[in-house]
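This is what each chain is made of:
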Amino acid sequence: MAPFSIYKLSDTIITMIIVILLYGLICGSFVNALVWRLRQQGKGQRAKDKGQSLSILRGRSMCPDCRHTLAARDLVPVLSWLSLRGRCRYCQKPISVQYPLVELLTGLLFVVFYLGWTLSLSGLHLIWFLYGLVYVVFFVALAVYDFKWFLLPDKLVFPLIGVAASQVLVTSLWQQSLGVLWMSAVGAGLYFGLFWGLYQASDGKWIGGGDVKLALALGLIAGSPLKVMLALFIASLIGTLVSIPQIAGGKHGLKQHIPFGPYLLAGTFVVMVWGERLVNWYTGQFL
Ligand SMILES: [Zn+2]
């Protein structure tokens, strides 16, 4: 049940950890830019007045405040923020600690995902591994967005559904079997159906429409009804653990809006990394 064993930490593994961490930091930097651009688009504020593109994939990175185009030395994950002591080089305005934290979080999740990987890194397994890293990028972006603005934007959720569906299709074709397709469809249907029911029953008061759409993606990623139940269980466990000190401290009333997204995403991430082992352990114990 250990997430990884210490004997695995050979030189190769350490090199891999460093490489994966660096990729994670860079992807975290991308997440920051992506979330900010989506938010600007969502608010309908285009940077056309300054002739700068706010497209998600094109255009140089800029300071959110003075919109000065950033140079390469301003874009080194974590280190730039530290060396500038959290201020913009051009306008001296403070840069949120969110930027290095999101970079570190993405790097850390990449490493955890790698250390928890029990399969090979070739063929279909390598494809799954890369899909996993893409999901982590989506998860961090969605969690940050939901945490800050209580919203899971369609521009992130719909592509995630598409990517997850493509993994199911690729796997089915590769294995020449409909088993994965069937299990994922039932898992996604269960997750989506449950949330859609809650949404309808509460008139959208208990959970938002974004959560319902996200459930479809997370169900596909979890990959089976049992793993969906596990992901939901872990999500509610984390949610409870996080909200106890908040409620006890009087910071949040029970009725206050709490973003569900980050918990659902965390639950699915745990299942992505340890789901197979947890399910095997559970079926070995009780079935
Ligand atoms: Zn600036």
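Residues numbered from 1 in each chain as written. Predicted model: local features only at pLDDT ≥ 70, side-chain atom pairs only at ≥ 80, totals over all residues. Heavy atoms only, no water.

Student: Can you walk me through the pattern of salt bridges in this structure?
Tutor: Side chains that carry opposite charge are capable of pairing whenever their charged atoms lie near each other. This model, assessed by the stated rule, comprises 4 salt bridges. For the salt bridge of aspartate 74 with arginine 89, the shortest nitrogen-to-oxygen distance reads 2.6 Å. On the criterion of sequence distance, the pair formed by aspartate 74 in the loop between helix 1 (11–42) and helix 2 (79–83) and arginine 89 in the loop between helix 2 and helix 3 (98–115) is long-range, its members being 15 residues apart. (Salt bridge = Lys/Arg side-chain N within 4 Å of Asp/Glu carboxyl O. Helix = DSSP H or I, 4+ residues; strand = E, 2+ residues; numbered from the N terminus.)

Student: Can you help me understand the coordination of the zinc ion in this one?
Tutor: Where a metal carries four tetrahedral donors, each ideal angle is 109.5 degrees; where it carries six octahedral donors, the ideal angles are 90 or 180 degrees. Around the zinc ion, the donor atoms from the protein are Cys63 (SG), Cys66 (SG), Cys88 (SG) and Cys91 (SG), and they sit 2.3 Å away. What the 4 donor atoms of the zinc ion show is an angle range of 103 to 121° at the metal, which sorts the shape as tetrahedral. The exposure class of cysteine 66 is partly exposed, given its relative accessible area of 23%. (Donors = N, O, S within 2.8 Å, 3.2 Å for Na, K, Ca; no water. Tetrahedral: all angles 85-135°; square planar, octahedral: opposite > 155°, others 65-115°. Buried < 20%, exposed > 50% of the residue type's maximum accessible area, 1.4 Å probe, protein only.)

Student: Looking at this model, I keep getting lost on the nonpolar core. Mind explaining?
Tutor: General note: in soluble globular proteins, nonpolar side chains tend to be found buried as a group. Counting residues in hydrophobic clusters, the biggest one holds 57 residues, and the most contacted among them are Phe139 and Leu160. By residue number, the principal contributor to this core is helix 4 (residues 123–149), which donates 14 residues. Counting contributing residues per domain, this core is built from domain 1 (1–116) and domain 2 (120–287), each supplying no fewer than three. Of all hydrophobic cores here, the second largest spans 6 residues; its members include Leu230, Ala231, Val270 and Val271. (Core = buried A, V, L, I, M, F, W, Y, C linked by side-chain atoms within 4.5 Å. Domains from an automatic or database assignment.)

Student: Would you explain unusual backbone geometry in this entry?
Tutor: One non-glycine residue, glutamine 92, lies in positive phi territory at about 65°. By secondary structure assignment, the location of glutamine 92 is in the loop between helix 2 and helix 3. The phi torsion at phenylalanine 150 lies on the positive side, around 50°, for a residue other than glycine. You can see phenylalanine 150 is positioned in the loop between helix 4 and helix 5 (154–175). Its relative accessible area of 42% is what places phenylalanine 150 among the partly exposed residues.

Student: Explain the packing of helix 5 against helix 6 (residues 179–201) to me, please; I cannot follow it from the model alone.
Tutor: The relative placement of two packed helices comes down to the angle between their axes together with the axis-to-axis distance. Helix 6 packs onto helix 5 with a crossing angle of 155° between their chain directions and a minimal axis gap of 8 Å. In terms of orientation, helix 5 lies roughly antiparallel with respect to helix 6. Two secondary-structure elements touch here, helix 5 through Val168, Leu169, Thr171, Ser172 and Gln175 and helix 6 through Val180, Leu181 and Ser184. The residue makeup of the contact of helix 5 with helix 6, split by class, is 4 nonpolar, 4 polar and no charged. (Axes fitted to C-alpha atoms, helices over the stretch in contact; angles between N-to-C directions. Parallel < 35°, antiparallel > 145°, perpendicular 65-115°, else oblique. Contact = heavy atoms within 4.5 Å. Nonpolar A, V, L, I, M, F, W, Y, C, P; charged D, E, K, R; others polar.)

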